[in-house]
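Here's the letter readout for the chains.
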Amino acid sequence: MFTTEIETFIKDRNYPRFEPKAIFFDMDGVLFDSMKHHASSWVKAMLKVGLPFTEHEAFMNEGRTGASTIDEVFIKIYGRNATDEEKQQIYHLKSDFFESCGKPERMPFAMELLTKVKSQHLEIFVVTGSGQPTLIDSLDGNFPGMFHKEKMVTAFDVKHGKPHPEPYLMALKKSGLQPWEVLVIENAPLGVESAASAGLFTIAVNTGPLDAAVLASSGADIVLDDMENLYEKWDLFSKKVSSYNQQ
Ligand code: MG
């Protein structure tokens, strides 16, 4: 397990090796168990303005910025982009519904994995499409001492959201590392697509209701069930990475 995936990644990308020095974590659905709240809030907000939208669609569009999600629905239903006013109205409704869900909880085993990664002296980054102004406080409150402002890429930093590679390329630039020195942990098809287009090794954790095949076809190098599964396999994965490099 894992050796084939590592070998394929290096060969397909024509990289000299795969030697992670930093982990780029997506946030919603990876660090926070927040996607069910985002999905139900999107459905309620769209319904309020008469637009059909399902939770499945919300999960399929996860990773996009709010504006881009709204545009997707408008193009499908009306054949045009939403106006700025329409975007503001719907995003405001969505944010209000999301707020009423209460504070998102930590994803089970996210803290355990972060602790392990930190003990291995790997750098920790967050790459998210979220634009909450209180993001760093929320991360700090839930995962004390794990995250730093200068090691984050949020909706405020990028022109193009996921699935465009820009968020992950920006994190790569901030890290000063090579693409073969980074590992991405994602849960969403568009997030995986973004990371894979940036040329990064991507482990998908299927923490939502989607079929695991969707994550594999989006470009994930490895697909696991959830963060607990990743935490359990982490030592084996690390061992396989270092033994591959010693070949
Ligand atoms: Mg996510």
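It should be noted that the structure appears before, not after, this text.
Report on the accompanying structure.

Thresholds applied
All chains use their own residue numbering, which begins from 1 and follows the written sequence. With the structure being a predicted model, the display of local features is reserved for residues of pLDDT at least 70 and the display and counting of side-chain atom pairs for 80 or more, all residues being used for whole-chain, interface and lining totals. Side-chain descriptors were evaluated using all non-hydrogen atoms of the structure, hydrogens and water having been removed beforehand. Counted as coordinating are nitrogen, oxygen and sulfur atoms within 2.8 Å of the metal, or 3.2 Å for Na, K and Ca, while water is not included, which may make sites look incomplete. By definition, any uninterrupted DSSP run of H or I lasting at least four residues is a helix, any uninterrupted run of E lasting at least two residues is a strand, and each is numbered from the N terminus. Partly exposed describes any residue whose relative accessible area lies between the buried limit of under 20% and the exposed limit of over 50%, with all areas from a 1.4 Å probe on protein chains only and scaled to the type maximum.

## Some remarks on the coordination of the magnesium ion
At this site the magnesium ion is bound by Asp26 (OD), Asp28 (O), Glu62 (OE) and Asn187 (OD1), with donor distances of 2.0 to 2.2 Å. Ordering the donors of the magnesium ion by residue number gives the pattern D-x1-D-x33-E-x124-N. On the criterion of sequence distance, the pair formed by aspartate 28 in the loop between strand 1 (22-25) and helix 2 (35-48) and asparagine 187 in the loop between strand 4 (182-186) and helix 9 (189-197) is long-range, its members being 159 residues apart. A relative accessible area of 11% means that aspartate 28 is categorised as buried. The buried category is assigned to asparagine 187, whose relative accessible area is 5%.

## Side note on the environment of alanine 22
Here alanine 22 lies in strand 1. Considered as a pair, alanine 22 and phenylalanine 125 are 103 residues apart in the sequence and their alpha carbons are 7.3 Å apart.

## Brief notes about unusual backbone geometry
Of note, the bond from lysine 162 into proline 163 is cis; its omega dihedral lies within 30 degrees of zero at 15 degrees. Tracing the chain through its elements places proline 163 in the loop between strand 3 (152-153) and helix 8 (166-175). At phenylalanine 2, a residue that is not glycine, the phi angle is positive and equals roughly 85 degrees. Within the secondary structure layout, phenylalanine 2 lies in the segment before helix 1 (3-13). By relative accessible area, which is 2% here, phenylalanine 2 ends up buried. The backbone of histidine 121 shows a phi angle near 60 degrees, a positive value even though the residue is not glycine. Mapped onto the elements of the fold, histidine 121 is located in the loop between helix 6 (110-119) and strand 2 (123-127).

Purely geometric numbers; function is a separate question.
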